[in-house]
Amino acid sequence: MDYRRKKRFTFFTIGLIFLLSGVEYAVILPTIWRYLQTLEAAPYFLGLVLSAFSLSGLLTGPLFGYWSDRSGTTKKIILFANCFEIIGNFLYFTGYSKWLLLSSRLVAGIGTGAGSSIFGFLTRSTSPKDRSTAFAAVMACRQAGLLIGPAFNIFLRLCDFNMGPFVVNKYTAPGLFMCLMWTLLQVAVILMYWDLPPLEKGKSKESLTGQSRVEENDQGLVEEDEEKPLMGSQEVGGSYGSVVASNPPGHDSPGPSDATLGSRPPSPEPPDSQAPSGSVKTVSICRELLREEVVVLLAAQFITLFNQTALETMVTPMTQKYFSYGELENSVMYCLCGVEVIAGFLFVRWLSQRVADRVVLAIGLTICNISGVWCLVFLASPLGPFPWQLTEFIIGVFLQVLGLPFVAVAQVSLFSKMTSEKTQGFSQGVRRSVGGLATILGPLWAGGLTENMYIMLGMMMALLALLTMMLAFSYSRLVPPATEEEVDASDNCG
């Protein structure tokens, strides 16, 4: 099978992974509150269960990312991580007690740690110019899962039978269904996923035979090919998206990340020559992640996910209290939200080809601020009769969902361009861990304040105001040095 076909099948499999992650979320979330109620769990337990899933992903993300950086592979990491998804969902299906339910989400969350390895793989397999489009497509797959998931729930809610010692009903069926889906995905990964080399490596023969042409286009590329990075013989990357051969010479990453790339002559080095530089690389990675622009992007990741998960935790108790919604109504609501988000990601995919990532981020943050103000005014204490309350709720949810694709795609794309490609697995693991921390604290914050909505929503609005100020002060720095002129041009066009 040729390289192009392998890449197509591999990217298709990645899409399936994110699709199933969205399906799992959409299948379980609408029913988990009632499921916990049948197990006599207190209201705060909803926040604990939702946070447990994120906690394990937070801890395993950097570990899986570091593993992929060192080994140069992602396939075996995905297969290993999916085993935890299978086990966790089976435990959710058994559902003997609220503590087993908590443990099931903790185990299943370990599987999400493989996402850092996948994002690192995508960074090395795409050029900076096309990266926003690729990330938007992958994220849209997850949102498609969020759209499809409620449709499955409509049928799963009809289950009511026994399977040996286990009861299959509308609460336990989602766990059994996802256990089967993740098992089938294991087969798909085995058959259709390849550990492809980085972008230039796929064309290594042509590049080496035309070495003089490569040196004219990017003199640093030859040095990077000859060096032995953390990922071994498969890795080629550099900092700030150096996979693009047409980057102007001399645009290597400045500052602390230079320590990661090194500045040795383009002569082959023995494999053990990298050993003494381990501590230097560790320091350089830490300094890279503490740069002002990177901190802003990590803050955007944390705050938007904190607000999103807090509102998601609040939604099902709120719809039950004010609108008497059950599983069917909540599933339909999540289905409609999925349609909106997919449309948003498609629009962002189109927009990211025409304007800079930082412009997309600013647009998304503006929408999030509008949503925060609306929720604070109208959802903290719904006003008017039932039709008005429902309208206020719909508008608040619509605005919250609308801003998500802009912020999500822009911050992950900028992050991938502003951190070293040699350590993308670890860096993406850190980014996802920051998001995981937000998805832990968000449900805990909302779950304990369902009767104090002004405090809950006020804190969320304060965090958005802080992020807005950070973005305003650091806006000029949110430009990948290798593509600074292109971004400025896009800004002018926008």
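Structure: above.
What counts and what doesn't
Residues numbered from 1 in each chain as written. Predicted model: local features only at pLDDT ≥ 70, side-chain atom pairs only at ≥ 80, totals over all residues. Heavy atoms only, no water. Helix = DSSP H or I, 4+ residues; strand = E, 2+ residues; numbered from the N terminus. Buried < 20%, exposed > 50% of the residue type's maximum accessible area, 1.4 Å probe, protein only. Polar contact = N/O pair within 3.5 Å; in protein donor to acceptor, adjacent residues only side chain to side chain. Contact = heavy atoms within 4.5 Å. Salt bridge = Lys/Arg side-chain N within 4 Å of Asp/Glu carboxyl O. Core = buried A, V, L, I, M, F, W, Y, C linked by side-chain atoms within 4.5 Å. Phe/Tyr/Trp six-rings, centres within 6.5 Å; stacked < 30°, edge-to-face > 60°. Lys NZ or Arg CZ within 6 Å of the ring centre and 35° of its normal. Patch = residues over 30% accessible without salt bridge, like charges linked within 9 Å, V, L, I, M, F, W, Y side chains within 5 Å. Areas by Shrake-Rupley, 256 points an atom, 1.4 Å probe, with all protein chains shown as cover. Axes fitted to C-alpha atoms, helices over the stretch in contact; angles between N-to-C directions. Parallel < 35°, antiparallel > 145°, perpendicular 65-115°, else oblique. Left-handed = near helix turned anticlockwise from the far one by under 90°. Nonpolar A, V, L, I, M, F, W, Y, C, P; charged D, E, K, R; others polar.

**Student:** It is not clear to me how the side chain of T309 should be interpreted in this structure. Could you clarify?
**Tutor:** Tracing the backbone shows T309 in helix α13 (residues 292-323). Given a relative accessible area of 10%, T309 falls into the buried group. Within the structure, the side chain of T309 is placed 2.8 Å from the backbone oxygen of L305, a separation counted as a polar contact. A distance of 3.2 Å separates the side chain of T309 from the backbone oxygen of F306, its partner in a polar contact. When near neighbours in sequence (up to four residues on either side) are disregarded, T309 contacts A438, T439, G442 and P443.

**Student:** How should I be thinking about the pattern of salt bridges in this particular structure?
**Tutor:** A side chain of one charge can pair with a side chain of the opposite charge if their charged atoms are brought near each other. Counted under the stated rule, the structure contains 6 salt bridges. Between D69 and R124 there is a salt bridge, with the nearest N and O atoms lying 3.7 Å from each other. Taken together, the residues span a long stretch of sequence, with D69 in helix α2 (residues 44-71) and R124 in helix α5 (residues 114-125) at a distance of 55 residues. Since its relative accessible area comes to 1%, D69 is described here as buried. Measuring nitrogen to oxygen at the nearest pair gives 3.2 Å for the salt bridge that ties E293 to R477. With E293 in helix α13 and R477 in the loop between α18 (453-474) and α19 (484-493), the pair connects residues that are 184 residues apart, well separated along the chain.

**Student:** Is there a simple way to think about the side chain of N369 in this case?
**Tutor:** With respect to the element layout, N369 can be found in helix α15 (residues 357-379). Beyond its immediate chain neighbours, meaning those up to four positions away, N369 contacts M461, L464, A465 and T468.

**Student:** Is there a simple way to explain the nonpolar core in this structure?
**Tutor:** Burial of nonpolar side chains together is a common tendency in soluble globular proteins. I14, I32, L36, F393, M456 and L457 are the most contacted members of the largest nonpolar core, which has 111 residues in total. Of the residues forming this core, the biggest block, 14 residues, is contributed by α13. Not counting residues up to four positions away in its chain, the partners in contact with L36 are A41, F45, L46, V49 and L101. Grouped together as the second largest cluster of nonpolar side chains are 5 residues, F64, I77, A81 and A114 included.

**Student:** Whenever I open this one, the packing of aromatic side chains confuses me. Can you help?
**Tutor:** When we look at a pair of aromatic rings, we describe it by the centre distance and by the angle of the planes. What the rule picks out here adds up to 21 aromatic pairs. Between F347 and W350, the ring centres sit 5.6 Å apart and the planes meet at 35 degrees, which makes this aromatic pair tilted. In this pair, F347 and W350 are both assigned in helix α14 (residues 327-351), 3 residues apart and thus about one turn of the helix distant. Using a relative accessible area of 39% as the deciding quantity, one classes F347 as partly exposed. Relative accessible area serves as the criterion here: at 41%, W350 is assigned to the partly exposed category. Positioned over the ring face of F45 is K98, at 5.2 Å from the centre of the ring. The residue whose ring lies beneath R431 is F119, and the NZ or CZ to ring-centre distance is 5.1 Å.

**Student:** Would you mind going over a nonpolar patch on the surface with me for this structure?
**Tutor:** There is a patch of nonpolar side chains on the surface, built from I154, F155, L158, L328, V332 and L336 and spanning about 580 Å² of accessible area. Elements represented by at least two residues in the nonpolar patch include exactly α6 (128-156) and α14. Ranked by the residues each element gives to the nonpolar patch, the list is headed by α14, at 3 residues. Taking relative accessible area as the criterion, V332 reaches 40% and is therefore assigned partly exposed.

**Student:** Just to check I follow, could you spell out unusual backbone geometry for this structure?
**Tutor:** One can expect most non-glycine residues to show negative phi and most peptide bonds to be in trans. Phi angles above zero are rare outside glycine, and E40 is one such case at about 60 degrees. One can find E40 in the loop between α1 (3-38) and α2.

**Student:** Looking at this structure, how should I read the packing of α1 against helix α4 (residues 98-110)?
**Tutor:** Packed helices, taken two at a time, are described by the angle their axes make and the gap between the axes. Packing of α1 against α4 brings their axes to within 13 Å, and their N-to-C directions diverge by 160 degrees. Taken together, the axes of α1 and α4 are roughly antiparallel relative to one another. Both α1 and α4 take part in a crossing whose hand is left-handed. Of the residues in α4, those touching α1 at E24, I28, Y35 and L36 are L101, R105 and A108. Tallied by class, residues from the contact of α1 with α4 come to 5 nonpolar, no polar and 2 charged.

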